[in-house]
Amino acid sequence: MKLSFGMIVVNGEPFIKYNLENLYPHAHEILIVEGAVEKYQHAATADGHSLDDTVKIIREFPDPENKIKLIQCNGFWPEKDEMSNAYMERCTGDYIWQVDVDEFYHPEDIEKIRHFLIDNPDITRIDVQTINFWHSFKAIMQGASYCFGADKFRRIFKFKPGYRFKTHRPPTVVDQDGNNCCDRKAVSAGEIAKDLQIYLYHYSYVFEEGVKSKADYYSRMGWG
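Residues numbered from 1 in each chain as written. Predicted model: local features only at pLDDT ≥ 70, side-chain atom pairs only at ≥ 80, totals over all residues. Heavy atoms only, no water.

Student: I would appreciate a short explanation of the overall build of the protein chain in the present structure.
Tutor: Helix and strand counts for the protein chain stand at seven helices and 11 strands. Relative to the globule expectation of 17 Å for 224 residues, the C-alpha radius of gyration of the protein chain, 17 Å, shows essentially globular dimensions. With the principal axes as the frame, the protein chain shows a C-alpha extent of 45 × 40 × 35 Å. For the protein chain, with 224 residues in total, the buried portion stands at 49%. Roughly 11200 Å² of accessible area belongs to the protein chain as shown, and the carbon and sulfur atoms make up 52% of that amount. Both charge centroids of the protein chain, one from 27 positive and one from 34 negative side chains, sit 3 Å from each other. (Helix = DSSP H or I, 4+ residues; strand = E, 2+ residues; numbered from the N terminus. Rg over C-alpha atoms; globule rule 2.2 N^0.38 Å. Buried < 20%, exposed > 50% of the residue type's maximum accessible area, 1.4 Å probe, protein only. Areas by Shrake-Rupley, 256 points an atom, 1.4 Å probe, with all protein chains shown as cover. Lys, Arg positive; Asp, Glu negative; His and termini not counted. Charge placed at Lys NZ, Arg CZ, Asp CG, Glu CD.)

Pasting the structure below:
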C-alpha cells in the first residue's frame, strides 16, 4: 500500500519542517507544490514564491529515500485547483492524501489508515474530522458552523493514473473521462472518528500571525 501525500504551500513556517518529519516515515512520496496564487501576490515574492524559508527548509530536509518532490512554476499559480493537479500529475501511489502544512496526524493513526485501506480496497475516499486549536493547545474552536460540517474535510482519495481534481473546494477527484470517482465508496469523518478514533489536528489558528494571514487571504477571494 503506497501512500502519497500531496501538499500545496506558501509561507509554510513554522509548520513545514515538523509536518515533513511527521509524514516522512509513512510516505511512499511527498509531493509539495510551492507558490502563491494570483490573489495572494501581496504576501509573496515578485515571482510568486514564499517570503519565508519554506523553500530552503524543503530543499535541505533530509531525504535519504528520495521521497520528497518539490514542484514550482515561474510566476503565480492561477488557483489552488491547478496547484493540486500539479501533484496529481506526478503521483505514483495507490492513494493520494491531501495535507495542508498546518494539518497533523498522530503517527499511529496514519498507520491505522493504511491498514484500514488494505482491508477495504474498494474505498475511494476517506473524510476526517478536525480538531481546530485556538490561540494555544488548551482551547478548541466550536460553534454553529462546525455543527453543519465545517470541521469535516475530504482528505484521502484512491488514485489511478489519469485521476485529477475537478475542484479544490471541495476536493473532488475525477477520472480521465471526467467521472466523479471519489464518491463511489466514501467513508465519513464520523465513522473514522467513532470506529478508529482518528482525527486531524489543525494548527491553523494557533498563532496570531497565521490567523491574520488567513483572514487577509480569504477577504481577497471575492466571495462576499
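Let us keep going from here.
Student: Sorry if this is basic, but what is going on with the packing of aromatic side chains here?
Tutor: Aromatic rings considered in pairs are described by the distance between their centres and by the relative angle of their planes. By the definition in use, this model includes 17 aromatic pairs. Note on Y40 and Y217: the rings are 5.4 Å apart at their centroids and 80 degrees apart in plane angle, and the pair reads as edge-to-face. Linking Y40 in the loop between β2 (29-34) and α2 (54-60) with Y217 in helix α7 (residues 208-219), this pair joins segments that are 177 residues apart in sequence. Of the two residues, Y40 and Y217, both sit in the buried class. (Phe/Tyr/Trp six-rings, centres within 6.5 Å; stacked < 30°, edge-to-face > 60°.)

Student: Would you mind going over the environment of E108 with me for this structure?
Tutor: The residue E108 is located in helix α4 (residues 107-119) in this model. For E108, a relative accessible area of 48% translates into the label partly exposed. Between the alpha carbons of E108 and W134 there is a distance of 24 Å; along the sequence they are 26 residues apart.

Student: I tried to follow the nonpolar core on my own but got confused; where do I start?
Tutor: In globular proteins that are soluble, nonpolar side chains generally tend to be buried together. W97 and I126 are the most contacted members of the largest nonpolar core, which has 34 residues in total. Of all elements in the fold, only β1 (3-9), α1 (16-23), β2, β4 (95-98), α4, β6 (125-132), β7 (152-158) and α6 (189-196) reach the threshold of two or more residues within this core. In this view, W97 contacts L3, S4, F5, G6, Y105, I110, I113, R155 and I156; residues no more than four positions away in its chain are not counted. (Core = buried A, V, L, I, M, F, W, Y, C linked by side-chain atoms within 4.5 Å. Contact = heavy atoms within 4.5 Å.)

Student: So what exactly am I meant to see when it comes to the pairing of strand β8 (residues 164-167) here?
Tutor: Side-chain direction in a regular strand flips from residue to residue, so the side chains alternate between the two faces of the sheet. Here β8 pairs with strand β9 (residues 172-174) via three bridges, running antiparallel. Pairing of F165 across the sheet is with V173, part of β9. Remark: four residues form the turn of the hairpin made by β8 and β9, two consecutive strands paired antiparallel. (Pairing = 2+ DSSP bridges.)

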